[in-house]
Amino acid sequence: MPRRSRRKSRSGIYHVILRGANRQEIFHHDKDRLRFLAKLKQFSGKEFQVMGWCLMNNHVHLMIKEGRESISNLMKRVGVSYARYYNFTYATNGHLFQDRFISEVVESEIAVLRVLRYIHMNPVKAGMVDHPEEYVWSSCRLYFGQASYPVNLLNTSTVFGLFSREKDTAKGKLIDYHRLQDEYDGMDAWPVSQKRMTDEEARIKVIEVIGKMEIPQVKSLPKVERDEVLRRGKALEGVTVRQLARILGVSVYLICKA
């Protein structure tokens, strides 16, 4: 079946999600997140503006505004550049990101605010923090006036301008808006499913099993060694096969056969 063409945003603003192939983790350490943000900053500017972002373990939420390049070209450049770094750093190969990123148009002022709040609330929804500004790897801290890296990546003018011409007044109103209950469900990276434990908890257990080895290296092991690791992973109490597949970046089929 041919792919459907992307809907063009009248405002040039999109909510974009980049997802790890087979739901695998794309960030294992802070250095990985810093590198991804550095790549965003490298390609931003006249090419596009970053209006919001949140880095989760196996996917990324972005709110961006197109500039001189199309959204498809931009995401390809960022994704390819980061994937090269990842494969070199972890001595692995193959696809890092799911083939096609997903996107939705953001065309009204209220949509801009709802999408931004939704992006910032992802770590809260995942149970990682109690309040969005507590999560280091999103643009929420910058909008709330806290120090965060990287400098000059985020363009706040559009969002603040929706509240007030005075930056401090706009910041206060934006913080209040984040405290409101909102019925907007947003665009999820993955379908909602019931888990016996969170992926964060499962990841800790998996790391204990693989020892000094890096998570991305497991899928590149010789079959005998890889299957032994997968069998130990399957034996972990409370960790589902799908969680194990997401964390290790391998298929459910491989785990079931091990």
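Everything below is about the structure shown above.
Residues numbered from 1 in each chain as written. Predicted model: local features only at pLDDT ≥ 70, side-chain atom pairs only at ≥ 80, totals over all residues. Heavy atoms only, no water.

Asks: Whenever I open this one, the environment of G127 confuses me. Can you help?
Replies: You can see G127 is positioned in the loop between α3 (109-125) and α4 (140-143). Overall, the relative accessible area of 61% leaves G127 in the exposed class. When the C-alpha atoms of G127 and H15 are compared, they prove to be 22 Å apart, with 112 residues separating the residues in sequence. (Helix = DSSP H or I, 4+ residues; strand = E, 2+ residues; numbered from the N terminus. Buried < 20%, exposed > 50% of the residue type's maximum accessible area, 1.4 Å probe, protein only.)

Asks: How should I be thinking about the packing of helix α1 (residues 30-43) against helix α2 (residues 71-89) in this particular structure?
Replies: Angle between the axes and distance between the axes are the two parameters that describe a pair of packed helices. Running from N to C, α1 and α2 cross one another at 150°; their axes reach a closest spacing of 10 Å. In terms of orientation, α1 lies roughly antiparallel with respect to α2. Of the two elements, α1 crosses α2, and the hand of that crossing is right-handed. For the pair α1 and α2, the contacting residues are K31, D32, R35, F36, K39, L40 and F43 in the first and R77, V78, S81, Y82, Y85 and T89 in the second. For the contact of α1 with α2, the residue count by class is six nonpolar, two polar and five charged. (Axes fitted to C-alpha atoms, helices over the stretch in contact; angles between N-to-C directions. Parallel < 35°, antiparallel > 145°, perpendicular 65-115°, else oblique. Left-handed = near helix turned anticlockwise from the far one by under 90°. Contact = heavy atoms within 4.5 Å. Nonpolar A, V, L, I, M, F, W, Y, C, P; charged D, E, K, R; others polar.)

Asks: Please explain the packing of aromatic side chains as it appears in this structure.
Replies: Two aromatic rings are characterised by how far apart their centres lie and by the angle between their planes. Throughout the structure, instances matching the rule amount to nine aromatic pairs. Centroid distance Y82 to Y85: 5.5 Å. Interplanar angle 45°. Geometry classified as tilted. Within this pair, Y82 and its partner Y85 are both found in helix α2, separated by three residues, close to a single helical turn. Overall, the relative accessible area of 0% leaves Y82 in the buried class. With a relative accessible area of 12%, Y85 lands in the buried category. Centre to centre, the rings of F163 and Y177 are 6.5 Å apart; their planes meet at 55°, and the pair counts as tilted. With F163 in the loop between α5 (157-161) and α6 (167-179) and Y177 in helix α6, this pair connects stretches of sequence that are 14 residues apart. The exposure class assigned to F163 is buried, which follows from its relative accessible area of 19%. (Phe/Tyr/Trp six-rings, centres within 6.5 Å; stacked < 30°, edge-to-face > 60°.)

Asks: Sorry if this is basic, but what is going on with the pattern of salt bridges here?
Replies: Should their charged atoms come close, side chains of opposite charge can pair. A full pass over the atoms with the stated rule returns 13 salt bridges. A salt bridge links R33 to D30, with the nearest nitrogen and oxygen atoms 3.6 Å apart. With R33 and D30 both in helix α1 and three residues apart, this pair spans about one turn of that helix. In this structure R33 comes out as buried when scored by relative accessible area, which is 9%. Taking the shortest distance from any N to any O, the salt bridge between D199 and R246 comes out at 2.9 Å. Taken together, the positions of D199 in helix α7 (residues 199-210) and R246 in helix α9 (residues 241-248) put the pair 47 residues apart, joining distant regions of the chain. (Salt bridge = Lys/Arg side-chain N within 4 Å of Asp/Glu carboxyl O.)

Asks: Sorry if this is basic, but what is going on with the pairing of strand β3 (residues 59-66) here?
Replies: Across the eight residues of β3, seven count as buried, placing the element largely inside the fold. Judged from the seven bridges that link them, strand β1 (residues 13-19) and β3 form a sheet pairing that is antiparallel. Bridge pairing in β3 places I13 opposite K65. One ladder, built from seven bridges, connects strand β2 (residues 48-55) with β3; its direction is antiparallel. Looking across to β3, one finds that W53 is bridged to L62. Once β2 ends, the chain turns through three residues before running back antiparallel as β3. (Pairing = 2+ DSSP bridges.)

Asks: Help me understand the sheet that holds β1, please; the structure alone is not making it clear to me.
Replies: Adjacent strands of a sheet form backbone hydrogen bonds with each other and so pair up, either parallel or antiparallel. Spatial strand order, β2-β3-β1-β4: four strands in an open sheet with antiparallel pairing. Taken across any chain shown, the strands that pair with only one partner, and hence form the sheet edges, are β2 and β4 (102-105). Between one strand and the next, the sheet's axes are offset by a mean angle of 20°, whatever the strand orientation. Most of the contacts of α3 go to β3, to which it runs at about 155°, and overall it touches β1, β2, β3 and β4.

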